[in-house]
Amino acid sequence: MTATTAPTIPPLVTPATNAVAAPTCRFCHAPLRHTFVDLGMSPLCETFLTADQLDSAESFYPLHVRVCEACLLVQLRTYVAPAEIFTEYAYFSSYSDSWVRHAAKYTEMIIERLSLDTGSQVVELASNDGYLLQHFVKRRIPVLGIEPAANVALAALEKGIPTRTSFFGADVARELVVEGRAADLIIANNVLAHVPDINDFVAGIAALLAPEGVFTGEFPHLLRLIEGHQFDTIYHEHFSYLSFLTIERIFAAHGLTLFDVDELPTHGGSLRIYARHTGAPSRAITARIAELHRAEAAAQLHDLATYADFAEQVAETKRGLLEFLIDARREGKTVAGYGAPGKGNTLLNYCGIRTDLLDYTVDRNPYKHGRFLPGTHIPVFAPERLAETKPDYILILPWNLRKEIMEQLAYTRAWGAQFVIPIPEVQIFP
Ligand SMILES: [Zn+2]
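In this report, we go over the structure that sits alongside the text. Source: prediction; values computed, not measured.

1. Observations regarding the overall build of the chain
Along the backbone of the chain there are 13 helices and 19 strands. Counting only C-alpha atoms and orienting by the principal axes, one finds that the chain spans roughly 65 × 50 × 45 Å. Taking all 430 residues of the chain together, 54% fall into the buried category. If you take every contact in the chain between residues at least 6 apart in sequence, the share linking residues at least 24 apart comes to 71%. Carbon together with sulfur atoms contributes 54% to the accessible area of the chain, which is approximately 17900 Å² in total. One finds the centroid of the 36 positive side-chain charges in the chain at a distance of 3 Å from the centroid of its 49 negative side-chain charges.

2. A word on the sheet that holds strand β3 (residues 34–42)
Within the open sheet, the 4 strands sit side by side as β3-β4-β5-β11. Their pairing is antiparallel. Whereas interior strands pair on both sides, the edge strands pair on one side only; in this sheet they are β3 and β11 (240–241). As paired strands, strand β4 (residues 61–67) and strand β5 (residues 74–76) are joined by 3 bridges and run antiparallel to one another. If you follow Val-67 over to β5, its bridge partner there is Val-74.

3. Re the pattern of salt bridges
Enumeration according to the criterion identifies 15 salt bridges in this entry. Across the salt bridge formed by Arg-288 and Asp-260, the nearest N and O atoms sit 3.0 Å from each other. Taken together, the residues Arg-288 in helix α9 (residues 287–298) and Asp-260 in strand β12 (residues 256–264) connect sequence positions 28 residues apart. With relative accessibility at 38%, the residue Arg-288 sits in the partly exposed group. Beyond isolated ion pairs, a larger network of salt bridges with shared partners links Arg-113, Glu-218, Asp-260, Asp-262, Arg-272 and Arg-288.

4. A word on the coordination of the zinc ion
The coordination sphere of the zinc ion, as far as protein atoms go, consists of Cys-25 (SG), Cys-28 (SG), Cys-68 (SG) and Cys-71 (SG), spread over 2.3 Å. Coordination at the zinc ion is tetrahedral, judged from the 4 donor atoms that bind it and the angles of 100 to 120° they form at the metal. Here the donor residues of the zinc ion share one chain and are spaced in sequence as C-x2-C-x39-C-x2-C. What makes Cys-28 partly exposed here is its relative accessible area of 30%.

Cut-offs applied
Each chain carries its own residue numbering, running from 1 in the written order of its sequence. Local features in this predicted model are restricted to residues whose pLDDT is 70 or higher, and side-chain atom pairs enter the listing and the counts only when it is 80 or higher, whereas totals over whole chains, interfaces and linings include all residues. Only hydrogens and water are set aside; all other atoms, that is, all heavy atoms of the structure, feed into the side-chain values. Secondary structure elements are defined from DSSP: runs of H or I of at least 4 residues count as helices, runs of E of at least 2 residues count as strands, and each element is numbered from the N terminus. Accessibility here uses a 1.4 Å probe with only protein chains present; expressed as a share of the type maximum, an area under 20% marks a residue as buried, one over 50% as exposed, and anything in between as partly exposed. When checking whether two residues touch, look at their non-hydrogen atoms; a contact exists if any pair is within 4.5 Å. Using the Shrake-Rupley algorithm and a 1.4 Å probe, accessible areas are obtained, with residue cover drawn only from the displayed protein chains. By the counting scheme adopted, Arg and Lys are positive, Glu and Asp are negative, and His together with the chain ends is not counted. Taken as the charge location is NZ of Lys, CZ of Arg, CG of Asp or CD of Glu. By definition, two strands form a pair when at least two bridges between them are found by DSSP. Here, a salt bridge means any Lys or Arg side-chain nitrogen found within 4 Å of an Asp or Glu carboxyl oxygen. Donor atoms: N, O and S within 2.8 Å of the metal, or within 3.2 Å for Na, K and Ca. Because water is excluded, sites can look incomplete. Geometry is assigned from donor-metal-donor angles: four donors are tetrahedral when every angle falls between 85 and 135 degrees, four are square planar and six octahedral when opposite donors sit over 155 degrees apart with all other angles between 65 and 115, and any other arrangement is irregular.

Dropping the structure here:
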């Protein structure tokens, strides 16, 4: 959920010439000459505005995603330093019931598979509020969390979960090794994409991992992003968009071999990779590795042309959504949103959807009530607003939770409301 690498980033503007430095690949350093998709300028997706901020200027940053022709890593430049985004973070993993269940299931599986016990050491990178490590603590397995957001790390400490407030990288790994720690299991869920210096981060994993240790990490799968036109999962906190092909290459460069992989339904389709030291072949490479290679080859992910096609698919998704909204409004229908997630802000800003097309949105998080979405200034209300105004259409912004949300909103069918899913193209559910 949060990033854990050193927050030092090279300046985009070189002071001597005032010119913007040419972008290079964060993994292999080749020049970046190919656009994956350019979503224009967008504000940071978690900066909700108060009413008195609406008359002030807002900061917008480019969302120009490129693909490296040498290693095919899809990436966004570090336009905003992680220290600005991640040191005081509003997201607490324990607030999501489905995440806590996902974590419990994973813990049982991995303890069994690796035969972890009271003599083992588990380390989680970006451990958030301890939502995952708490399950190991219950089984008396020694743990250490590394979490850069001080407020979130404090919540973990209060639950009795040893946590160090820090960004993770090779330096922190070496410090831990000097202290005598070697990890039998390192976990990094939804953090590889958030790391500006992915080489330093993976080098740290290799340094901290015990000779026979195992790393597992989850991240959204680029293949699903492309197939599902999930361009709204692109935002400034996500620096890398990973295929199996590129992550395998990055790990190999640091002496780590991927020996197994699971496909997960989370975040619109994720991968969970399993890695070990390349020089420790006791864990055999499973057949699922070859299966995933075949799936990515069938989708032409090794071919630069596939990446070049994505931008036009995204533009067509935008045109389709605008067409629907314009027609609905011309017919005198009302449209409200459901949810105020980060992905919603990318979608609305890129499509230029403001209150002329979407009256308001609702969210369950009380922090957001009475505030306005960044960039588009669409107001956010409590969910009760839906029953008060009875909109004809409800645009579901967190589409990855559509099933759960449509069940929660079953009562809106009483006045004939219909649900709208924006991607991969507009779909209407009565
Ligand atoms: Zn590259």
